[in-house]
Amino acid sequence: MSDRKSTTGTPRWVKVSGVVVIILVLLAVAIMVISGGEHGPGRHIPSSSNVEQGVKQQWS
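What you see is a predicted model, and the numbers here were worked out from it, not measured in a lab. (Residues numbered from 1 in each chain as written. Predicted model: local features only at pLDDT ≥ 70, side-chain atom pairs only at ≥ 80, totals over all residues. Heavy atoms only, no water.)

K.L.:
I tried to follow the overall build of the protein on my own but got confused; where do I start?
P.N.:
The helix and strand tally for the protein stands at two helices and zero strands. Taking all 60 residues of the protein together, the buried fraction comes to 0%. On the protein, roughly 6100 Å² of surface is accessible, and the fraction owed to carbon and sulfur atoms is 64%. (Helix = DSSP H or I, 4+ residues; strand = E, 2+ residues; numbered from the N terminus. Buried < 20%, exposed > 50% of the residue type's maximum accessible area, 1.4 Å probe, protein only. Areas by Shrake-Rupley, 256 points an atom, 1.4 Å probe, with all protein chains shown as cover.)

Below, the structure is given as structure tokens:
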């Protein structure tokens, strides 16, 4: 019998990295769900109806 450990298994750092990545992805998904799903570049651009009303109010 051999006392050597098997070297064919997945290294510990790969397993730990995988768990950390999974936790970060789940955290990001949870934040998006909690915030109402309002994410992406469109949320920073006002809708055209709001812009038109703002312009009319400024110049009226």
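There's more to say after this.
K.L.:
Which parts of the structure should I look at to understand a nonpolar patch on the surface?
P.N.:
A cluster of nonpolar side chains, Val 16, Val 20, Leu 24, Leu 27 and Ile 31, forms an exposed patch at the surface whose accessible area comes to about 460 Å². Tracing the sequence through the fold places Val 16 in helix 1 (residues 12-34). (Patch = residues over 30% accessible without salt bridge, like charges linked within 9 Å, V, L, I, M, F, W, Y side chains within 5 Å. Salt bridge = Lys/Arg side-chain N within 4 Å of Asp/Glu carboxyl O.)

K.L.:
Help me understand helix 1 in this model?
P.N.:
The periodicity of an α-helix, 3.6 residues per turn, causes residues three or four positions apart to be oriented the same way. Taking 1.5 Å per residue, 23 residues should reach 33 Å; helix 1 reaches 33 Å between its end C-alpha atoms and fits that length. Following helix 1 by one or two positions, Gly 36 has its phi on the positive side, about 90°. (Expected span 1.5 Å × (residues − 1).)

K.L.:
Which parts of the structure should I look at to understand the confidence of the model for the protein?
P.N.:
It should be kept in mind that the predicted coordinates are not to be read in detail where pLDDT is low. The share of residues in the protein with pLDDT of 70 or more is 55%, and the mean pLDDT across the chain is 76. The low-confidence segment residues 50-55, where pLDDT is below 50, has one contact with residues more than four positions distant or belonging to other chains. (pLDDT = per-residue confidence, 0-100. Contact = heavy atoms within 4.5 Å.)

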